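Coordinate analysis (summary)
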Amino acid sequence: LYLGLHWPADVLAGWALGLVFAVGGWWVGRWWTYRVLGFRWRLGFAVGVPVILCALHPQQPAAEYAAMLLGLGVGALAEERWLALDIDPAWWKRACAAVIGIAGMIALQWVVKWPQDVWAWPMLRGAALGLWASLGAPFLFALCGLYRRAEANA
């Protein structure tokens, strides 16, 4: 609004659409959490959905987001299977983890920019960001003592 790029109706529509996606994502997340699917099925979804999305929308930035989704899904499965970490309830540990995680995301965004002219490079950066968020950062948090092994798997 300030720069004159959008009308108030655009902003309200964006908020409404964001709310619909947030509620829909929450509902799907709750549904998915209570499903007991094997590792192979979950890996199939974690790889298959981003690949289908990338095939449907191969242009940037959609392909980069699909690659990030791929990194998030595969990293989350790897973290669950081999690390099995829980967030420590101490607020200061959560704050430290948030700062370190965000710093890692910013560092990846700044460092992994080259070469700009290669078509697949933004997709590799997206996958790296997803892997950092779901596997790399939690592993680092465990090394620093900010995360701990899950009770059921400890």
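The structure this text deals with has already been given above.
Residues numbered from 1 in each chain as written. Predicted model: local features only at pLDDT ≥ 70, side-chain atom pairs only at ≥ 80, totals over all residues. Heavy atoms only, no water.

**Thoughts on the overall build of the protein**
For the protein, the helix and strand inventory stands at five helices and two strands. Reading the protein from its N end, one meets helices and strands in the order α-α-α-β-α-α-β. For the protein, the exposed area adds up to about 11000 Å²; of that, 74% sits on carbon and sulfur atoms. For the protein, the separation between the mean place of its 11 positive charges and that of its 8 negative charges on side chains is 7 Å. (Helix = DSSP H or I, 4+ residues; strand = E, 2+ residues; numbered from the N terminus. Areas by Shrake-Rupley, 256 points an atom, 1.4 Å probe, with all protein chains shown as cover. Lys, Arg positive; Asp, Glu negative; His and termini not counted. Charge placed at Lys NZ, Arg CZ, Asp CG, Glu CD.)

**With respect to the packing of helix H4 (residues 91–111) against helix H5 (residues 121–144)**
The geometry of H4 relative to H5 is characterised by a closest axis approach of 10 Å and an angle of 150 degrees between their N-to-C directions. Taken together, the axes of H4 and H5 lie roughly antiparallel to each other. The hand of the H4/H5 crossing is right-handed. Across the interface between the two elements, Ala97, Ile100, Gly101, Gly104, Met105, Leu108 and Gln109 from H4 touch Arg125, Ala128, Leu129, Trp132, Ala133, Leu140 and Phe141 from H5. Of the residues in the contact of H4 with H5, the class split is 10 nonpolar, three polar and one charged. (Axes fitted to C-alpha atoms, helices over the stretch in contact; angles between N-to-C directions. Parallel < 35°, antiparallel > 145°, perpendicular 65-115°, else oblique. Left-handed = near helix turned anticlockwise from the far one by under 90°. Contact = heavy atoms within 4.5 Å. Nonpolar A, V, L, I, M, F, W, Y, C, P; charged D, E, K, R; others polar.)

**What to know about unusual backbone geometry**
Of note, the amide linkage connecting Gln60 to Pro61 takes the cis form, showing an omega dihedral of 0 degrees. Looking at the secondary structure, you find Pro61 in the loop between helix H2 (39–56) and helix H3 (62–83). With a phi angle near 50 degrees, Ala84 is a residue other than glycine that sits in the positive phi range. When you line up the elements, Ala84 lands in the loop between H3 and strand S1 (85–87). Taking the relative accessible area as the measure of exposure, Ala84 reaches 7% and is therefore buried. (Buried < 20%, exposed > 50% of the residue type's maximum accessible area, 1.4 Å probe, protein only.)

**A few points about the nonpolar core**
In this structure, Leu83, Leu85, Ala97, Leu108, Val112, Leu129, Trp132, Ala137, Phe141, Leu146 and Tyr147 together form the largest nonpolar core, which totals 11 residues. Contributions of two or more residues to this core are made by H4 and H5. Per-element accounting of this core gives the leading share, four residues, to H5. When sequence neighbours within four positions are dropped, the list of residues in contact with Trp132 reads Ile100, Gly101, Gly104, Met105, Leu108, Ala137, Pro138 and Leu140. (Core = buried A, V, L, I, M, F, W, Y, C linked by side-chain atoms within 4.5 Å.)

**Details of the side chain of Glu64**
Relative to the assigned elements, Glu64 resides in helix H3. Looking at Glu64, the relative accessible area reads 13%, which means it is buried. Setting aside anything within four residues of it in sequence, one finds Glu64 in contact with Pro122, Met123, Arg125 and Gly126.

**Re the pattern of salt bridges**
Per the stated rule, a full pass over the model turns up four salt bridges. The partner of Arg42 in a salt bridge is Glu80, and the shortest N-O contact between them spans 2.7 Å. Taken together, the residues Arg42 in helix H2 and Glu80 in helix H3 connect sequence positions 38 residues apart. When its relative accessible area of 19% is taken as the criterion, Arg42 is described as buried. Given a relative accessible area of 41%, Glu80 falls into the partly exposed group. (Salt bridge = Lys/Arg side-chain N within 4 Å of Asp/Glu carboxyl O.)

**Description of the packing of H2 against H3**
Their axes nearest at 7 Å, the elements H2 and H3 cross at an angle of 170 degrees. Taken together, the axes of H2 and H3 lie roughly antiparallel to each other. Of the residues in H3, those in contact with Phe39, Arg42, Leu43, Ala46, Val47, Val49, Pro50, Leu53 and Cys54 of H2 are Ala63, Ala66, Leu69, Leu70, Gly73, Val74, Leu77, Glu80 and Arg81. Counted by class, the contact of H2 with H3 contains 14 nonpolar, one polar and three charged residues.

As far as function goes, none of this settles anything; it's purely spatial.
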